[in-house]
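Report on the structure
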Amino acid sequence: IGIAFSKFCKKDYVSSSKIFYDFDNTPDYQMISTYSSLLLYSGYSFANTHDYLSAIGKFNSYGNFNKKDDYYYLGMSLCYLGYGSYHYAKVNLDSVGKQTNNLSDYYYLQGVCKLRNDEYPEAKTFFEKALNFDRNNLRYINGLGASLTALEKFDKSIAIFNEGLKLKPEDKYLLFNKADA
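What counts, and where the lines are drawn
- Residues numbered from 1 in each chain as written.
- Predicted model: local features only at pLDDT ≥ 70, side-chain atom pairs only at ≥ 80, totals over all residues.
- Heavy atoms only, no water.
- Helix = DSSP H or I, 4+ residues; strand = E, 2+ residues; numbered from the N terminus.
- Contact = heavy atoms within 4.5 Å.
- Phe/Tyr/Trp six-rings, centres within 6.5 Å; stacked < 30°, edge-to-face > 60°.
- Buried < 20%, exposed > 50% of the residue type's maximum accessible area, 1.4 Å probe, protein only.
- Salt bridge = Lys/Arg side-chain N within 4 Å of Asp/Glu carboxyl O.
- Axes fitted to C-alpha atoms, helices over the stretch in contact; angles between N-to-C directions.
- Parallel < 35°, antiparallel > 145°, perpendicular 65-115°, else oblique.
- Left-handed = near helix turned anticlockwise from the far one by under 90°.
- Nonpolar A, V, L, I, M, F, W, Y, C, P; charged D, E, K, R; others polar.

1. Brief notes about the environment of F59
Mapped onto the fold, F59 is located in helix α5 (residues 52-65). Between the C-alpha atoms of F59 and L74, which are 15 residues apart in sequence, the distance is 9.7 Å.

Quick look at the structure:
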């Protein structure tokens with residue numbers, strides 16, 4: 001399990017989810033499954049490899065053993081976004097908002113929901129809030145650029161995409177969205 005956590009921290013989600021999956025099929029899983037961090041990290045590992053059904057199972061187990069906290073709701077909203085169910089993603093994100101307003105991923109996921117629902121000014125605001133926490137996060141930069149493009153603020157969106165491309169010149173999402181601006 002330590003190896004899985006190490007791989008998760010290094011953003012090697014494929015390897016970590018494989019280890020967590022293999023571990024699920026051992027007798028030791030029943031003994032250790034109540035450890036919330038294992039359930040939470042395995043949920044995020046599955047979500048990051050787009051295995052949303054497995055991720056939802058882990059997040060629900062985490063929620064059964066713990067008070068449903070921000071990390072539970074963020075994980076569930078990530079899964080619903082992956083399925084394209086923006087309504088349920090928003091419902092889970094609203095639960096996060098009632099508990100705290102200082103999580104960058106909360107703002108990012110709210111921005112994604114707003115962007116998908118054509119609420120571009122609100123999306124822009126949420127992406128800006130997320131960027132206040134981490135100016136170098138390419139997802140946040142890309143979201144802000146996409147919302148500016150949707151608002152037809154093309155010069156600003158291109159400038160934002162260029163900021164991201166300075167950090168990672170080969171990023172395919174930034175390149176694609178910049179070309180779209």
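2. Here we look at the environment of K90
For K90, the location among the structural elements is in helix α7 (residues 86-99). When the C-alpha positions of K90 and Q110 are compared, they lie 7.1 Å apart, and in sequence the two are 20 residues distant. Residues contacting K90, with those up to four places away along its chain left out, are Q110, C113 and K114.

3. A few points about the packing of aromatic side chains
By the definition in use, this model includes 9 aromatic pairs. Judged by centre distance (5.6 Å) and plane angle (40°), the ring pair of Y80 and Y88 falls under tilted. We classify Y80 as partly exposed; its relative accessible area is 22%. Relative accessible area serves as the criterion here: at 46%, Y88 is assigned to the partly exposed category. Arranged with centres 5.9 Å apart and planes meeting at 55°, the rings of Y108 and F127 form a pair that is tilted. Of this pair, Y108 sits in helix α8 (residues 104-116) while F127 sits in helix α9 (residues 120-133); the two residues are 19 residues apart in sequence, bridging distant segments of the chain.

4. With respect to the pattern of salt bridges
Tallied over the full model, the rule gives 4 salt bridges. K114 is the salt-bridge partner of E119, the closest N and O atoms lying 3.1 Å from each other. Here E119 falls in the partly exposed class, since its relative accessible area comes to 27%.

5. Observations regarding the packing of helix α10 (residues 138-150) against helix α12 (residues 172-180)
Interhelical geometry of α10 versus α12 gives an angle of 10° and a closest axis separation of 10 Å. For the element pair α10 / α12, the angle class is roughly parallel. The hand of the α10/α12 crossing is left-handed. Residues L138, I141, N142 and T149 of α10 lie in contact with α12, whose contacting residues are Y173, L174, N177 and D180. Residue classes in the contact of α10 with α12 are distributed as 4 nonpolar, 3 polar and 1 charged.

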